[in-house]
Amino acid sequence: MRATGVGSMPGEDFRGVVRFVAETCPDLPFLPELPARGDGAGMIGRGAALLDGIGADLQPAGWRLTDNPGHDQRRARSLLAQDLDVLEEELQGYEGDLKIQVPGPWTLAATMERPRGDRVLADHGARRELAQSLASGIGAHVLEVGRRVAGASVVVQVDEPGVRAVLDGQIPTASGIGRHRRIHEPEADAALREVVCEIRGAGGRPVVHSCASDIPVTLLSGAGFEAVSFDLRLVAPRSYDAFAAVFETGVDLWPGIPDTHLDPSALRRTADAFFAALGFGDADVIPRAVLTPTCGLAGSPPDQARRILKVLADAAHL
């Protein structure tokens, strides 16, 4: 069993965090996101940096699509390139799985605005174009990470915290009065499959993460993701059959374990109890399970965030 982080971490010392991650999660290190460095360093800013052929800039209301790259998008791309420089230096000679994180097409469409206002989610053509642009950019990103860390097998975690709200029609309009229409599963599936296809074409392994409640695990596994990462606290017992079914088909499960007591034995027991409830024992689980925090750690004090990752790593190795 292995442990890793969801992605975001506190602080602004990127090199220091990379070193800590490499030491603490040697079986599955990850490229951290440090949102404290500015809007271009968070999940949506990273998404803007990855867009291929679509411009973006930062407005008071958030990121907006534009005809040409804006200053903030160029800065986000520059910051990502600098982060990859550091990653390459710190992981020289590394061989094994290396995880990177990218926003998913539906969370991005529910967050970014069209040039004339309102969310990209409101326009069928715009959301299709955004998904295609993002998928292409992710593919290029995977190739670049693989080039820089030649011994790594790149695992690509697609972050989709907003996918459940998109499917249920719960994303508010710009006015805040109404809600955008729900996206039907065939369209949601098509955009996710496009991202998965680009990841695989670049030699990466696609994984999906959502820390929302009632995640559509069957939809996500059906789109081609090879593992599903989730907040274990938000998994209702009525969903156990769906999780067990996708695990049986070969999709790995990465439970986000609550860190209430910061006790490795307690965390491991929580994970083992979940898989036992699904009907699986150690022989099935240990090679395929990855323990993670319940969600990103950017909002935690640095010492606590480091402690959480360390305890999870200890729990995985018990």
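Residues numbered from 1 in each chain as written. Predicted model: local features only at pLDDT ≥ 70, side-chain atom pairs only at ≥ 80, totals over all residues. Heavy atoms only, no water.

### Focus on the side chain of Thr4
- Relative to the helices and strands, Thr4 is located in the loop between strand 1 (2-3) and helix 1 (14-24).
- A relative accessible area of 1% means that Thr4 is categorised as buried.
- At 2.7 Å, the side chain of Thr4 forms a polar contact with the backbone oxygen of Leu28.
- With near-sequence residues (within four places) excluded, Thr4 lies in contact with Cys25, Leu28, Phe30, Lys99, Trp254, Val290, Leu291, Thr292, Pro293 and Leu309. (Helix = DSSP H or I, 4+ residues; strand = E, 2+ residues; numbered from the N terminus. Buried < 20%, exposed > 50% of the residue type's maximum accessible area, 1.4 Å probe, protein only. Polar contact = N/O pair within 3.5 Å; in protein donor to acceptor, adjacent residues only side chain to side chain. Contact = heavy atoms within 4.5 Å.)

### Description of the packing of helix 3 (residues 71-90) against helix 5 (residues 124-148)
- Interhelical geometry of helix 3 versus helix 5 gives an angle of 30° and a closest axis separation of 9 Å. As summarised for this structure, helix 3 and helix 5 are arranged roughly parallel, according to the angle between their axes. Where helix 3 crosses over helix 5, the two elements pack in a sense that is right-handed. In this structure, helix 3 contributes Leu80, Ala81, Leu84, Asp85 and Glu88 to the contact, and helix 5 contributes His141, Glu144, Val145 and Arg148.
- Tallied by class, residues from the contact of helix 3 with helix 5 come to four nonpolar, one polar and four charged. (Axes fitted to C-alpha atoms, helices over the stretch in contact; angles between N-to-C directions. Parallel < 35°, antiparallel > 145°, perpendicular 65-115°, else oblique. Left-handed = near helix turned anticlockwise from the far one by under 90°. Nonpolar A, V, L, I, M, F, W, Y, C, P; charged D, E, K, R; others polar.)

### Thoughts on the pattern of salt bridges
- Going through the model one piece at a time under the given rule, you end up with 23 salt bridges.
- The salt bridge partner of Arg2 is Asp97, with a shortest N-O separation of 2.9 Å. Remark: Asp97 occurs in strand 4 (residues 96-103) and Arg2 occurs in strand 1; sequence separation between them is 95 residues.
- On the accessibility criterion, Arg2 (21% relative accessible area) is partly exposed.
- Residue Asp97 is classed as partly exposed on the basis of its relative accessible area, which comes to 23%.
- A salt bridge links Arg148 to Glu88; the nearest nitrogen and oxygen atoms lie 3.0 Å apart. Of the two residues, Arg148 is situated in helix 5 and Glu88 in helix 3; the sequence distance between them amounts to 60 residues.
- Given a relative accessible area of 15%, Arg148 falls into the buried group.
- Salt bridges sharing partners connect three or more residues here, namely Asp85, Glu88, Glu144, Arg147 and Arg148. (Salt bridge = Lys/Arg side-chain N within 4 Å of Asp/Glu carboxyl O.)

### A short note on empty space enclosed by the protein
- Enumeration over the complete set of coordinates arrives at one cavity of 30 Å³ or more.
- In terms of lining residues, the largest cavity is bounded by Val18, Val21, Ala22, Pro29, Phe30, Leu87, Leu91 and Leu98.
- Top contributing element to the lining of the largest cavity by residue count: helix 1, with three residues.
- Grouping the constituent residues of the lining of the largest cavity by class yields eight nonpolar, no polar and no charged. (1 Å grid on protein atoms, 1.4 Å probe; cavity = no way out; pocket = protein on both sides within 12 Å on 5 of 7 lines; lining within 4 Å. Points joined across faces, edges and corners; volume = space filled by probe spheres on them.)

### Remarks on the nonpolar core
- Counting 99 residues, the largest nonpolar core has Met112 and Leu253 as its most contacted members.
- Those residues in contact with Met112 that lie beyond four places of it in its chain are Ile44, Ala48, Leu51, Ala56, Trp63, Arg64, Leu65, Asp118, Arg119 and Val120. (Core = buried A, V, L, I, M, F, W, Y, C linked by side-chain atoms within 4.5 Å.)

### A look at the packing of aromatic side chains
- On inspection of all chains with the given rule, the structure shows seven aromatic pairs.
- Both rings, one in Phe230 and one in Phe243, keep their centres 4.8 Å apart while their planes meet at 55°; by these two values the pair is tilted. Of this pair, Phe230 sits in strand 7 (residues 227-231) while Phe243 sits in helix 9 (residues 240-248), placing them 13 residues apart in sequence. There is no split in this pair, since Phe230 and Phe243 are both buried.
- Aromatic pair Phe247 and Phe275: ring centres 5.7 Å apart, planes at 50°, arrangement tilted. With Phe247 in helix 9 and Phe275 in helix 10 (residues 264-278), the pair connects residues that are 28 residues apart, well separated along the chain.
- A residue is classified by how much of its surface remains accessible, and Phe275, at 2% relative accessible area, is buried.
- One Lys or Arg, Arg288, reaches over the ring of Phe247 and ends 3.8 Å from the middle of that ring.
- Of note, Arg306 hangs over the ring of Phe20, and the distance from its end group to the ring centre comes to 4.8 Å. (Phe/Tyr/Trp six-rings, centres within 6.5 Å; stacked < 30°, edge-to-face > 60°. Lys NZ or Arg CZ within 6 Å of the ring centre and 35° of its normal.)

### Examining the sheet that holds strand 8 (residues 252-256)
- Spatial ordering of the open sheet is given by 4-5-6-7-8, a layout of five strands whose pairing is parallel. In the strand order of this sheet, the two ends are held by strand 4 and strand 8, each with one partner. Across the sheet, the mean angle from the axis of one strand to that of its neighbour is 25°, orientation sign disregarded.
- Taken together, the five bridges between strand 5 (residues 152-159) and strand 6 (residues 205-210) define a ladder with parallel strand orientation. (Pairing = 2+ DSSP bridges.)

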